[in-house]
Amino acid sequence: MWTLTSDVEEYAAVAEPFLLGDPVHNTVALTVLANLRVGMPAKDPRFGWWTVGGDVRGAFIHTPPHPVGLAIMPVEAVAPLVEALGGGLAAVTGQVELTSEVERLLGAPEQVVPERLYRLGTLTVPDVPGHGRPAVPADFPLLASWYQAFGEEVSTGGDADVADRVARRLAARELFVWEVGEAPVSLAALSPAAGGVCRIGPVYTPPSCRRHGYGAAVTAYASHIGLTERCDEVVLFTDLNNPTSNAIYQSIGYEPVSDYAHLTYS
């Protein structure tokens, strides 16, 4: 049975212990939950948990305009969830066995982005010119433009809240740049620890600075900060349609965990 709520504290009280049972696979839900509880704005959020015999066995989180995020749940919970949400889902993300069930129920989406979750094993720091550093307020205009460009490249489109998002992440010390000389050439973000797990993303290098290893270097730098100062494990998601980025992350020590998909219906 699904129980739905718009109250983040009610959701946290019931679902968070379940999500913490597997903080790697539930990294997105846990991060969003943590951000909401410290004041991240969300319009018309919806949360829910799936119970069997009184035990929580699944959960989801939805903060429009972002997709419905499917945490761990049994496949048989997907159809009741789609029904509970009214059937007309604009976008969904989750492990492939769950998104495949969404496709079976709702038909072929307009777009499918195959993704893979990686977990950092032994970090290998690449030999790349330059150095990493935390982003500072003076970087704000550049980072906001990079965030916008990243969204356009990965087909999420323009983001009206990009300035607020970058400002929040700067204030929380979640953004890092790779610098050559005195010029930033690449960006990586690191989510706050949730259940002992931090997540890298986004990673962005402007086209004029690509093919020099800067994306790998800044990812390794942010990953090192995570492991040494903030969390027990570091994870990231990749777009499987981009073999270059998948190879880069594996070259610095990231190991595949499981496959996901991002479905867009409208």
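These numbers come from a predicted model, not from an experiment. Position numbers for residues start from 1 in each chain and track the written sequence from start to end. Only residues with pLDDT of 70 or above have their local features reported here, since the model is predicted, and side-chain atom pairs are shown and tallied only from 80 upward, although totals for entire chains, interfaces and linings are computed over all residues. Only heavy atoms go into the side-chain values, all of them from the structure, while hydrogens and water stay out.

Attention now goes to unusual backbone geometry. Residues proline 64 and proline 65 are joined by a peptide bond in cis, for which omega reads 10°. Topologically, proline 65 is positioned in the loop between strand 3 (55-62) and strand 4 (68-70). With omega at 0°, the peptide bond leading from glycine 201 into proline 202 counts as cis. Helix and strand definitions follow DSSP, with helices as H or I runs of at least four residues and strands as E runs of at least two, each counted in order from the N terminus. Checked against the element boundaries, proline 202 lands in strand 10 (residues 197-204).

A few words on the packing of helix 1 (residues 8-19) against helix 2 (residues 27-37). Packed helices, taken two at a time, are described by the angle between their axes plus the distance between the axes. For the pair helix 1 and helix 2, the least separation of the axes is 11 Å and the interaxial angle reads 150°. Judged by the twist between their axes, the crossing of helix 1 over helix 2 is left-handed. Within the contact between the two elements, helix 1 uses Val8, Glu9, Tyr11, Ala12, Glu16 and Leu19 and helix 2 uses Ala29, Leu30, Leu33, Leu36 and Arg37. Helix axes are fitted to C-alpha atoms over the stretch in contact, other axes to C-alpha atoms as well, and angles between N-to-C directions run from 0 to 180 degrees. Definitions for this section: a left-handed crossing has its near helix turned counterclockwise from the far helix by less than a right angle. A right-handed crossing has that turn clockwise. Whether two residues touch is decided by their heavy atoms; if any such pair falls within 4.5 Å, the residues are in contact.

So, on to helix 4 (residues 96-106). Side chains three or four residues apart in an α-helix point the same way, a direct result of the helix having 3.6 residues per turn. Those residues of helix 4 that sit buried are Leu98, Thr99, Glu101 and Val102. The arc enclosing the buried residues of helix 4, seen along the axis, measures out at 150°, which places them on a common side. On its buried side, helix 4 packs onto strand 4, helix 3 (78-84), strand 5 (91-95) and strand 12 (254-264). Immediately beyond the C-terminal end of helix 4, within one or two residues, lies glycine 107, with a positive phi of roughly 90°. A 1.4 Å probe rolled over the protein chains alone gives each residue an accessible area, and that area as a share of the maximum for its type sets the label: buried under 20%, exposed over 50%, partly exposed in between. Here the arc refers to the directions that run from the helix axis out to each C-beta atom.

This part is about helix 8 (residues 243-251). All buried positions along helix 8 are accounted for by Ser245, Asn246 and Tyr249. Projection of helix 8 onto a plane perpendicular to its axis shows the buried side chains occupying an angular sector of 100°, all on one side. Those residues of helix 8 that are exposed and angled more than 90 degrees off the buried face are Pro243 and Thr244. Here helix 8 starts with a cap whose side-chain oxygen sits 3.2 Å from the backbone nitrogen of threonine 244, and that cap is asparagine 242. Two N or O atoms count as a polar contact when they lie within 3.5 Å, although within protein this holds only if one can serve as hydrogen donor and the other as acceptor, and sequence-adjacent residues are included solely when both atoms are side-chain atoms.

None of this, on its own, says anything about what the molecule does.
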